[in-house]
Amino acid sequence: MCEEALCSSLTIENVSDVLILADLHSAEQLKTHAIDFINSHATDVMDTQSWKVRIARARACVCVCVLSIVTRFTEVIKLLCSWKSWFLDTAQ
């Protein structure tokens, strides 16, 4: 119940704190939701003071977030490449 309430109240300003708390308390649903939120708002989140201060001390959380962002980016690149192939094939 608590995890659900925190999941629905994530903001750009508090997601860093929530991610650290979720990691410390093994709240996997909340941790996953926080990472997804960070993926969706990466630039804004990483520009906050709480990210710069708190996450710098929680290197494992940073690694998980960065890996998740890179994985998502890689999936988008693969999708774009497949569209390019399809587009070139249909243009001929």
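Scroll up to find the structure this text is about.
These numbers come from a predicted model, not from an experiment.

The rules behind each value
Residues numbered from 1 in each chain as written. Predicted model: local features only at pLDDT ≥ 70, side-chain atom pairs only at ≥ 80, totals over all residues. Heavy atoms only, no water. Helix = DSSP H or I, 4+ residues; strand = E, 2+ residues; numbered from the N terminus. Buried < 20%, exposed > 50% of the residue type's maximum accessible area, 1.4 Å probe, protein only. Contact = heavy atoms within 4.5 Å. Areas by Shrake-Rupley, 256 points an atom, 1.4 Å probe, with all protein chains shown as cover. Core = buried A, V, L, I, M, F, W, Y, C linked by side-chain atoms within 4.5 Å. Expected span 1.5 Å × (residues − 1). Polar contact = N/O pair within 3.5 Å; in protein donor to acceptor, adjacent residues only side chain to side chain. Axes fitted to C-alpha atoms, helices over the stretch in contact; angles between N-to-C directions. Parallel < 35°, antiparallel > 145°, perpendicular 65-115°, else oblique. Left-handed = near helix turned anticlockwise from the far one by under 90°. Nonpolar A, V, L, I, M, F, W, Y, C, P; charged D, E, K, R; others polar.

Student: Residue-level account of the overall build of the protein, with values.
Tutor: A tally of helices and strands in the protein yields 6 helices and 0 strands. Its helices and strands taken in sequence order, the protein reads α-α-α-α-α-α from the N to the C terminus. Taking all 92 residues of the protein together, the buried fraction comes to 28%. Partitioning the contacts of the protein with sequence separation of at least 6, the portion at a separation of at least 24 is 65%. Entry remark: accessible area of the protein is about 6500 Å², with carbon and sulfur atoms responsible for 62%.

Student: I'd like to hear about the nonpolar core, residue by residue, with values.
Tutor: Grouped together as the largest cluster of nonpolar side chains are 18 residues, with contacts concentrated most on L10, V15, L19, L30, I38, V45 and C65. Of all elements in the fold, only helix 2 (15-24), helix 3 (28-40) and helix 6 (59-91) reach the threshold of two or more residues within this core.

Student: I'd like a rundown of helix 3, residues and numbers included.
Tutor: Helix length check: helix 3, at 13 residues, gives a terminal C-alpha distance of 18 Å against a target of 18 Å (1.5 Å per residue), a fit within 8%. Residues of helix 3 that are buried: L30, K31, A34, I35, F37, I38 and N39.

Student: How would you summarise the side chain of S50 if you had to cite specific residues and measurements?
Tutor: Along the chain, S50 falls in helix 5 (residues 49-57). For S50, a relative accessible area of 6% puts it in the buried group. In this structure the side chain of S50 is engaged in a polar contact, spanning 3.1 Å, whose partner is the backbone oxygen of E13. Within the structure, S50 has its side chain in polar contact with the side chain of T48 (distance 3.4 Å).

Student: I'd like a rundown of helix 2, residues and numbers included.
Tutor: Each α-helix turn comprises 3.6 residues. Residues three or four places apart therefore point the same way. Three or more residues of helix 2 are buried, namely V15, S16, V18, L19, I20 and A22. Phi for S26, located one or two positions after helix 2, is positive at around 50°.

Student: Which residues make up unusual backbone geometry, and what values do they have?
Tutor: Even without a glycine there, the phi angle at S26 is positive, about 50°. In this fold, S26 is placed in the loop between helix 2 and helix 3.

Student: Explain the packing of helix 2 against helix 3 residue by residue, including any values.
Tutor: Between helix 2 and helix 3, whose axes approach to 8 Å, the crossing angle comes to 150°. With respect to helix 3, the axis of helix 2 lies roughly antiparallel. For the crossing formed where helix 2 meets helix 3, the hand is left-handed. Together, V15, V18, L19, A22 and D23 of helix 2 and L30, K31, A34, I35, F37 and I38 of helix 3 make up the contact between the two elements. Residue composition of the contact of helix 2 with helix 3, by class: 9 nonpolar, no polar and 2 charged.

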